[in-house]
There are 2 protein chains.
Amino acid sequence: MSDRLIYLPLGGAGEIGMNAYVYGYGRPGAERLIVVDLGVTFGDMDGAPGIDLIMADVAWLEANRDRIEGIFITHAHEDHIGALGHLWSRIKAPIHCRRFTGALAAHKMEEQGQPADVIQIHEARPAVVQAGPFAVQFVPISHSIPESAALIIDTPAGRIIHTGDFKLDGTPIVGEAFDPVVWHQIANEGNGIKVLTCDSTNIFSPLPGRSEAILANPILDFVTSQKNLVVATTFASNIARLKTLAEAGVAAGRKVCLLGRAMRRMVSTAQETGILKGFPGTISPEEAADLPREKVMLIVTGSQGERRAASAQLSRGRYLGLQLKEGDSFLFSSRTIPGNERGVIRIMNAFSEMGVDVFDADDGTYHVSGHANRPDIEAVHELLKPRIVIPMHGEHMHLREHATIAANKGLASIIATNGTMVDITGELPVVVERIEASRIYLDGSVLIGAMDGVVRDRIRMALNGHAIVSIIVDEDDGLLPDALVETMGLPERGRAGVPLADHIEAELSEFLERADNATAQSDKRLEEAIRKITRQVSMEEIGKKPEVTVVISRLAAE
Amino acid sequence: MSDRLIYLPLGGAGEIGMNAYVYGYGRPGAERLIVVDLGVTFGDMDGAPGIDLIMADVAWLEANRDRIEGIFITHAHEDHIGALGHLWSRIKAPIHCRRFTGALAAHKMEEQGQPADVIQIHEARPAVVQAGPFAVQFVPISHSIPESAALIIDTPAGRIIHTGDFKLDGTPIVGEAFDPVVWHQIANEGNGIKVLTCDSTNIFSPLPGRSEAILANPILDFVTSQKNLVVATTFASNIARLKTLAEAGVAAGRKVCLLGRAMRRMVSTAQETGILKGFPGTISPEEAADLPREKVMLIVTGSQGERRAASAQLSRGRYLGLQLKEGDSFLFSSRTIPGNERGVIRIMNAFSEMGVDVFDADDGTYHVSGHANRPDIEAVHELLKPRIVIPMHGEHMHLREHATIAANKGLASIIATNGTMVDITGELPVVVERIEASRIYLDGSVLIGAMDGVVRDRIRMALNGHAIVSIIVDEDDGLLPDALVETMGLPERGRAGVPLADHIEAELSEFLERADNATAQSDKRLEEAIRKITRQVSMEEIGKKPEVTVVISRLAAE
């Protein structure tokens, strides 16, 4: 069998978040592999209550660990870097990235007790990282975090461009501009570009994207026109935006205070790695509290309504000695990611109750996206002239739309969702295998499989409540007649007016008195019968069937 | 003390949904009362998992039942009518409304075994309903459901206009147009308008609202240009939209099939009450399945992603013999209400996986709002010239914005959220009392208080999991040393690698063996100690503290 080139998304294809992509080259089944990005996504009450982080299941990578040449990180957003500390020990390959990304990656590794010295820092193109059959270059590309990189992945079967997240920004404020001349050059080297694996996030946005630079004047006007305390929130990693906001504050005669650990870390890391220069000096919360309100601007975390972030803390009252008041202003210099609306609206209303004027960026005045819009993506297709377009970083509908657009231009394309291994050796992409592409949950300090049933049980308890039945079987397999019933998350009283637990206990006692020996000897039969009775009584009494846990204590002969 | 006029929102002021407003006139503390609307809102996993419906707590009304002259319903949306069947028995006053609303209200009452004959049907103004000191007229006003009515409430202290939900639509397709001449007249009768209690839903929408009629051509163009099966969804109660969609289907040479019980009921009720004329004949799902796909248009429920509605059913596969396929089209002729995004996106992606082309109304081509926008609301202020504006039907930020706009025009205004009793006898509104304004949950077949702890416990189990500990105390207050531990919604194994339940059992056995008599005799002490140990071990093992239920069985002396 001849060597082949494969593409295998394990995360990020069929969802926005949790990016993890694999490329391989070599004999089928023995390809040498590289991993691109290893990110997280976040749980919510609907789908994963109590879960701290969600990551791609890397079982396939773990099973093929000896084939992995390296992990390449495009940029330092959580959905590209967040799983490194949790999953690296299962993969144990060197991590390759640029400087700022590397500093944040090192932090992720150290937090989880993993070695940070496996991280190798690289310069941008023309520097080349050799990893088995792959020659990889980091190409600066504009995005909403500094030092985002697209990857040139040269293989014996041709050149792949993996865009990472990007937008076409000629004036990104911080970091490198999108440079069409460089990309034109890249597209015309050698045999040109075989495969473009491309960001699809904003494929449904019909207008060309807007530059970070256009926000400076509106934000300055905004801050200048406020009379009391000004608070602004944005994504902690959007260093350019933080700079724009902070400079507006200073120009309006205010001292700037950063609230939120993630934001302070981002700024200091950007300064230490030389990416951020000229950021105004900041003051501490204590200093801010001592100044007149009209002399202060707070820049805070929590633009997505996260309950523990600074904006939510401020919406609940005093935080680090600071408290918002009637006449203060709060600016969301951010867009609400779909699914986070409830949390953001909760905060807006809490500020409204305090008399704080809330300003959002819904009309685009105070926020621009970090992703390429449809016309930008089309421009990239035309600039790079790939023979195959593989849409990534999108939900299914985004991938599909992107693939359709490419196909309509005569480019080969494919919708490859998580777990779909695609052979991209030839002129047309071909699905060659489906890998089980599940998810791993971080729950407290433990990693569990999404299919372990833990989250399913939590959702069921939340929807249906939980009834606990305890019974005792004596030394001679005799059933003691008194069942004890406790409930959690269930109404205390039902239709009959008596406590629900008492009612279930009475019905269970009747059953226990009548049960035969065979039943008494079998935990399984007892459980089944008790569960059925408990659910039946509950249905009659309260109109719903709870989850039931039966605890059977068998007394040992002395 | 002289008589006074009061306003008391119990629901709908500080939220969008669950409307319930009270007006009173008479001696302070003995005012005669009318209730305007009695609606519901819906629970979600974040705030009220497992809860079917949420309604205003009517404890205050129940306590003052003998003072209630009547319940007036402005229109038949669930958030104005949905609680009638559940709460009427606590209030027992006659229900006043117009014909179509009354037919749907009767259904709500009958579903819950309540008498429908307490519903009195009234003609629109100039008909007057006398209810104690109140003389009430129903004034037709345009909204996204037929027969919406604003109320003129004449009192000895002056005229109140309660807008209900409304928009300024001169061409609403079905039902009555907004008529500025009539409203000019109403504003100029007698002493003019004292109080305007006014819809605030779209106060943040800066452009004038658009008429239902502008959708006909775009929707016709859309349906005509589709090549296979066309499916459209919208709110079941938006009869005008259903007519526009169905007529487009017929004009495009298709047979129309309505899917979803709520939608079929709405259409038949509208036809029976004479409100809807000329709606095209429809076919059954069986007939639809037998026709060529390009000859069929389905109009379905579930525009908000509701899991049991027709659109969600279709997104999961075959439903009533119908199944969507590659090349079919699905149109959301609706806007996604904030908070419902996840459900809607889930459905869109499921259709995308089937190869169905999904079209949304985000750019306004296929949907218009049923509520007045900011310029429309301002126009109503100017048309009606009220002396006091009370914003309602909005979250706090909507009420605040609306009150600010009114105040800036020199109109008296107030932010009165649920439970705020306002004296509106004089020229300025004055808060005179705060009523406990909680919520009631329908859970299965039982009504429970929002503060009963049931939902709090469900949320905690969902976030933290649940550990159940069962122990036995013998006849002599001796603790049997073997605790049984079961867990639900917790990882099976923790850091130590052994099953978590085993580990907790081992620690508890140690405790049980050492516990003194005083502890053994006290359920409370045992519970506290066991809960503490269980949570500690869990924290060490899995990094989180579960909810703990302790079941103590005390063996009786024989």
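Scroll up to find the structure this text is about.
The rules behind each value
- Residue numbering note: each chain is counted from 1, following its sequence as written.
- Chains carry letters and ligands carry numbers; both start at the beginning, A for chains and 1 for ligands, and go up in the order they are written.
- Totals for whole chains, interfaces and linings use all residues, but because this is a predicted model, local features are given only for residues with pLDDT of at least 70 and pairs of side-chain atoms are given and counted only at 80 or more.
- Just so you know, side-chain values use all the structure's heavy atoms and leave hydrogens and water out.
- Only centres within 6.5 Å qualify two rings of Phe, Tyr or Trp (six-membered ring in Trp) as a pair; their planes then separate them into stacked at under 30 degrees, edge-to-face at over 60, and tilted for everything else.
- The numbering of helices and of strands both runs from the N terminus, where a helix is a DSSP run of H or I of at least 4 residues and a strand a run of E of at least 2.
- For this analysis, residues touch if any pair of their heavy atoms sits within 4.5 Å.
- What gets called buried area is simply the loss in accessible area from a 1.4 Å probe that two parts show on being joined, summed for both.
- What counts as a salt bridge is simple: a side-chain nitrogen of Lys or Arg found within 4 Å of a carboxyl oxygen of Asp or Glu.
- Here a polar contact is recorded for every N or O atom pair within 3.5 Å, except that within protein the pair must consist of a potential hydrogen donor and a potential acceptor, and residues adjacent in sequence are included only if both atoms are side-chain atoms.
- Under the scheme applied here, ten amino acids are nonpolar (Ala, Val, Leu, Ile, Met, Phe, Trp, Tyr, Cys and Pro), four are charged (Asp, Glu, Lys and Arg), and all others, including Gly, are polar.
- Relative accessible area decides the class of each residue, using a 1.4 Å probe on protein chains only: under 20% of the type maximum gives buried, over 50% gives exposed, and in between gives partly exposed.

### Re the packing of aromatic side chains
Stage number 1. If you walk through the whole model with that rule in mind, you get 16 aromatic pairs over all chains.
Stage number 2. Aromatic side chains F222(B) and F359(B) sit 4.9 Å apart centroid to centroid with 75 degrees between the ring planes, which places their arrangement in the edge-to-face category. Residue F222(B) is located in helix 6 (residues 216–225), and its partner F359(B) is located in strand 19 (residues 357–359); the two are separated by 137 residues in the primary sequence.
Stage number 3. Chaining the aromatic ring pairs together yields one cluster made of Y7(A), Y21(A) and Y23(A).

### Quick notes on the interface of chain B and chain A
Stage number 1. Listed by partner, the interface residues are 60 residues for chain B and 60 residues for chain A.
Stage number 2. Of the roughly 5300 Å² buried where chain B meets chain A, counting both sides, 61% is carbon and sulfur surface.
Stage number 3. Considering only the side of chain B, the residues that lose the most area to chain A are M45(B), R342(B) and M488(B), jointly responsible for 14% of the buried surface there.
Stage number 4. Counting across the interface, chain B meets chain A through eight salt bridges.
Stage number 5. Where D46(A) meets R342(B), a salt bridge forms, and the shortest distance between an N and an O atom there is 2.3 Å.
Stage number 6. Summed over the shared surface of chain B and chain A, the result is 38 residue pairs in polar contact (both at pLDDT 80 or more).
Stage number 7. In terms of residue class, the side of chain B that touches chain A is built from 26 nonpolar, 16 polar and 18 charged.

### What about the environment of S445(A)?
Stage number 1. Locating S445(A) in the fold gives a position in the loop between strand 25 (439–443) and strand 26 (446–449).
Stage number 2. According to the relative accessible area criterion, S445(A) is partly exposed, its value standing at 34%.
Stage number 3. For the pair formed by S445(A) and R27(A), sequence separation is 418 residues and the distance between their alpha carbons is 39 Å.
Stage number 4. A distance of 3.1 Å separates polar atoms of two side chains, one belonging to S445(A) and the other to R495(B).
Stage number 5. Polar contacts involving the side chain of S445(A) include one to the main-chain amide nitrogen of G543(B), which spans 3.1 Å.

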